[in-house]
Amino acid sequence: MISIITPVYNGERFIESCLQVVIDQNCLEVEHIIVDGGSSDKTVEIIKNKANQYPHIRWISEKDQGQSDALNKGIAMAKGQIIGVLNVDDFYEINVLNRICEIFQTLPQPSLIVGNCNVCNLEGKLIFINKARRLRAIDLLLERRINDDGIIDASFPLNPSVYFYHKSLHQQIGLYRVEEHYAMDLDFLLKAVSSSHVKYFNETWGNYRFYPGTKTYDDSAKGMSLVRMRNLFNDYIKTLLLMEQWQIWLARNINFTLLKLFYFYKHPERLPESIKQRLTKYSRT
């Protein structure tokens, strides 16, 4: 069985469609666990109505300490061997859960599998496709790419709708850190890839809505998400051997420099004015 966990708080805007997404998967081996944080809107009313119609929906509603705490409660409730997390405003592609159940039939425990993610806006317009092909811990710590807008995008899985894992993995790495409210996914992945059999599938499994008003979007707009990610990476690197720390430092600097050179090669008009003047001076000599 696969257990899909959805943490929610005052999510009446999306909760019904989230429940319907799992229903429409037509997966006989699924339970959908909704962990509500004590919503004051119509969220609980909607959950109750759906749960009365569909026995695979299980839920609780009580105050919690945030999203990580809600996820841990969902894991404790889970009856399935396989865990998936679906945030209330995200959704799966068609027939993904049956595909996941099929894949896990031949995987050793504990395993973590990752697919591709469509990152879209609130209207459903595709922004880009997140493909996390490289999933070693060092890849998560190092790899970046610069898109056409000059934004540095992480290559790690940006949304939990595209990864699934054996519940037994938590016996090795522990649960989600309750005190972590923003980067709990990345913190989990850094631990998970070092303690499980990891496999990437070049298949699109999930859709991540990235829009103003959500904590991830607003945190990114303020520049805080990059700071949090860097702090998390630095804390994790401190746990490595000195030789590994040195290799990461060296690779980070070389990698970032090459990426900047490649970006400005494609967009020379975006070079800083001071550099343009120097290049012009050297070209005349």
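Everything numeric here is computed off the predicted structure, so don't read it as measured data. (Residues numbered from 1 in each chain as written. Predicted model: local features only at pLDDT ≥ 70, side-chain atom pairs only at ≥ 80, totals over all residues. Heavy atoms only, no water.)

Trainee: Looking at this model, I keep getting lost on the overall build of the chain. Mind explaining?
Mentor: Of regular secondary structure, the chain possesses 11 helices and 11 strands. Residues classed as buried in the chain amount to 48% of the 285 residues present. For the chain, the share of sequence-separated contacts (at least 6 apart) that also reach a separation of at least 24 residues comes to 77%. Summed over its atoms, the accessible surface of the chain is roughly 15,300 Å², and 52% of this surface lies on carbon and sulfur atoms. (Helix = DSSP H or I, 4+ residues; strand = E, 2+ residues; numbered from the N terminus. Buried < 20%, exposed > 50% of the residue type's maximum accessible area, 1.4 Å probe, protein only. Contact = heavy atoms within 4.5 Å. Areas by Shrake-Rupley, 256 points an atom, 1.4 Å probe, with all protein chains shown as cover.)

Trainee: Please clarify how the environment of threonine 204 should be interpreted in this entry.
Mentor: Along the chain, the position of threonine 204 falls in strand E11 (residues 197-209). A residue is classified by how much of its surface remains accessible, and threonine 204, at 29% relative accessible area, is partly exposed. For the pair threonine 204 and valine 114, spaced 90 residues apart in sequence, the C-alpha separation works out to 9.5 Å. Beyond its immediate stretch of four places on either side in the chain, threonine 204 contacts Glu93, Val96, Asn116 and Asn118.

Trainee: Teacher, can you tell me more about helix H2 (residues 43-53) here?
Mentor: Owing to its 3.6 residues per turn, the α-helix brings residues three or four apart onto one side. Buried within H2 are the following residues: Thr43, Val44, Ile46, Ile47, Lys50 and Ala51. Taken down its axis, H2 places every buried residue within 160 degrees of arc, on the same side. Residues of H2 that are exposed and point more than 90 degrees away from the buried face comprise Glu45 and Asn52. Against strand E1 (2-8), helix H1 (15-23), strand E2 (30-36) and strand E3 (57-61) lie the buried residues of H2. (Arc of directions from axis to C-beta.)

Trainee: Before we go on, may I ask you to explain the state of the cysteines in this structure?
Mentor: Any covalent bond linking the sulfur atoms of two cysteines counts as a disulfide. Applying the stated criterion across every chain yields a total of zero disulfides. There is no disulfide at cysteine 101, and the cysteine sulfur nearest it, in cysteine 27, is 4.0 Å away. (Disulfide = S-S within 2.5 Å.)

Trainee: Any chance you could explain the packing of helix H7 (residues 184-192) against helix H9 (residues 224-237) here in plain terms?
Mentor: To describe two helices that pack against each other, one gives the angle between their axes and the distance between the axes. Between H7 and H9, the shortest axis-to-axis distance is 10 Å and the interhelical angle comes to 25 degrees. One finds that H7 runs roughly parallel with respect to H9. Pair H7 / H9 crosses with right-handed handedness. Along the contact surface, H7 presents Leu186, Asp187 and Leu190, while H9 presents Met229, Leu232, Phe233 and Tyr236. Across the contact of H7 with H9, the residue classes break down as six nonpolar, no polar and one charged. (Axes fitted to C-alpha atoms, helices over the stretch in contact; angles between N-to-C directions. Parallel < 35°, antiparallel > 145°, perpendicular 65-115°, else oblique. Left-handed = near helix turned anticlockwise from the far one by under 90°. Nonpolar A, V, L, I, M, F, W, Y, C, P; charged D, E, K, R; others polar.)

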